[in-house]
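# Examination of the molecular architecture
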Amino acid sequence: MADHRASRRRVDVSRERKYVLRRAIIGAVALLALIYAIAATVTAVGAIGAARGADDAPSAAQAAADGRDGQTDGADDADASDDGKKTDDGKSDGDAADADGTSEDDPFGVKAVHAADATAQPLTDAERAAIMERATAAAEASGNGVTTFTYCIATNGDVGSTVAFANTVYETLNDARGWTRAGAVFTQIADDACASADMAIILAQAERMTDYSLGCSTEYSCRVGNDVIVNADRWNGGTDTWLGAGGTLARYRTMVINHEVGHRLGHIDNETWCAAPGAAAPLMQEQSMGLDGCVGNEWPLDGELWIA
Ligand SMILES: [Zn+2]
């Protein structure tokens, strides 16, 4: 009996050892599995973090670029550009006046603008002088004193003739409805003198927009430092949003010049918002992203009449 009991005890002990050993092995496997799981999780989190970091970089760059340069969108609207008004403003005829012409088969004036582009002649000295005289009078009336900004006209890529572009830039920037009301007047200097200009106003092929900043979009115009870059695709075609809201290509051009130069003068995108349904959108509103109930507007509002 005693032997038998002893034998059973040995068997029990042996079973117990096997049990303990099995538990130990299971435990070890479980521990390894846990360590592996933790390692995998840490690696995954690290990878996500790294990916996020990478995304952030472009976002930050883009945000900075947006702030500084503003992608332009355009906005637009309504009618302000009736021929009658244009004559009243005394805009020097030429392409700008023709540009607003719309017709049934050319509701946005795109064909008219392109036709005017093709035959545009450089503004004469006398025309420029007359425009500057009105600009100076408007700037003097601002009460802010007169600040002269110099700019050069430049191109990047194959954008064709810049005659119409140069004319429109000069007429727009020195229009009595524009930044002149904040005290700014704009003098064009030689194309090869961009280095000494307060800003370069550049007509660029869409694909070249990112030459200036990765934050610039090939879809829109942009401003980086002293470079005011107008996207040739937008210059020649406006945006669906702007034209769809009733704006013309000529008015889009005015808006894009004033908006982008507005950035160079110290303004940021959306610094003021649509004040009320049907009101004119602030010039610096990203109007192509939505009008928020406003109507498109290509000139600075009273509340935007300051320069840095
Ligand atoms: Zn902008």
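Parameters and conventions
Residues numbered from 1 in each chain as written. Predicted model: local features only at pLDDT ≥ 70, side-chain atom pairs only at ≥ 80, totals over all residues. Helix = DSSP H or I, 4+ residues; strand = E, 2+ residues; numbered from the N terminus. Buried ≥ 20, exposed ≤ 12 C-beta atoms within 10 Å, placed from the backbone. Contact = placed C-beta atoms within 7 Å. pLDDT = per-residue confidence, 0-100. Pairing = 2+ DSSP bridges. Expected span 1.5 Å × (residues − 1). Axes fitted to C-alpha atoms, helices over the stretch in contact; angles between N-to-C directions. Core = buried A, V, L, I, M, F, W, Y, C linked by C-beta atoms within 7 Å. Parallel < 35°, antiparallel > 145°, perpendicular 65-115°, else oblique. Left-handed = near helix turned anticlockwise from the far one by under 90°. Nonpolar A, V, L, I, M, F, W, Y, C, P; charged D, E, K, R; others polar.

An unreviewed UniProt entry lists the protein chain under the name DUF3152 domain-containing protein, with Bifidobacterium samirii as the source organism.

Another aspect to go through is the overall build of the protein chain. A tally of regular secondary structure across the protein chain gives nine helices and five strands. Relative to its full complement of 308 residues, the protein chain shows a buried share of 40%. Counting only contacts in the protein chain whose residues sit at least 6 apart along the sequence, the fraction spanning at least 24 positions is 72%.

All right, on to the confidence of the model for the protein chain then. Per-residue confidence for the protein chain averages 78 on the pLDDT scale, and 68% of its residues sit at or above 70. Counting contacts from residues 1–15, a segment whose pLDDT is below 50, to residues more than four positions away or on other chains yields zero contacts. Taken as a whole, residues 38–99 scores under 50 in pLDDT and shows 118 contacts with residues more than four places along the chain or in a different chain.

Attention shifts here to the pairing of strand β3 (residues 199–204). The element β3 is extensively covered by neighbouring structure, given that five of its six residues are classed as buried. Pairing analysis gives six bridges linking strand β1 (residues 147–156) to β3, with the strands arranged parallel. Bridging from a neighbouring strand, T155 pairs with L203 of β3. Strand direction decides the pairing type here: β3 and strand β5 (residues 227–231), joined by five bridges, are parallel. Paired with I202 across the strands is I229, a residue of β5.

Over its 16 residues, helix α5 (residues 125–140) extends 22 Å from the first C-alpha to the last, a length consistent with the 22 Å expected when each residue adds 1.5 Å. Where α5 is buried, its residues touch α6 (163–173) and β2 (184–188).

For the rest of this paragraph, the subject is the environment of I268. When you line up the elements, I268 lands in the segment after α9 (249–264). In this structure I268 comes out as partly exposed when scored by C-beta crowding, with 13 C-beta atoms within 10 Å. The spatial distance from the C-alpha of I268 to the C-alpha of Q285 is 8.8 Å, given a sequence separation of 17 residues.

Right, let's get into α9. Look at α9: 23 Å from first C-alpha to last across 16 residues, which is about the 22 Å you get at 1.5 Å a residue. Of all 16 residues in α9, 16 are buried; the element is thus mostly enclosed. Two residues or fewer after α9 comes G266, characterised by a positive phi angle close to 115°.

With that out of the way, let us pick up the sheet that holds β1. Working definition: the strands of a sheet are paired by backbone hydrogen bonds and lie parallel or antiparallel to each other. Taken in spatial order, the five strands line up as β2-β1-β3-β5-β4 in an open sheet, and their pairing is mixed. Looking along the sheet, the strands with just one partner apiece sit at the ends: β2 and β4 (222–224). Each strand of the sheet is rotated relative to its neighbour by a mean of 30°, with strand direction disregarded. With five bridges joining them, β1 and β2 adopt parallel strand pairing. When the sheet's bridge partners are listed, T150 is paired in β2 with T187. Relative to the sheet, α6 contacts β1, β2 and β3, its axis offset from that of β1 by approximately 160°. The strands touched by α9 are β3, β4 and β5; relative to β5, the strand with the most contacts, the crossing angle is about 155°.

Glancing now at the nonpolar core. Of all hydrophobic cores here, the largest spans 57 residues; its most connected members are L203, A204 and I229. A total of seven residues in this core trace back to one element, the largest contributor, which is α9. For L203, the contacting residues outside a window of four places in its chain are T155, V159, T162, F165, V230, A232 and W235.

Where α6 contacts α9, the two axes come as close as 10 Å, and the packing angle between them is 65°. Comparing the axis directions of α6 and α9 gives the class roughly perpendicular. α9 is crossed by α6, and the crossing has right-handed handedness. Here T168, V169, T172 and L173 of α6 come into contact with α9, specifically with R253, T254, I257, N258 and V261. For the contact of α6 with α9, a count of residues per class yields four nonpolar, four polar and one charged.

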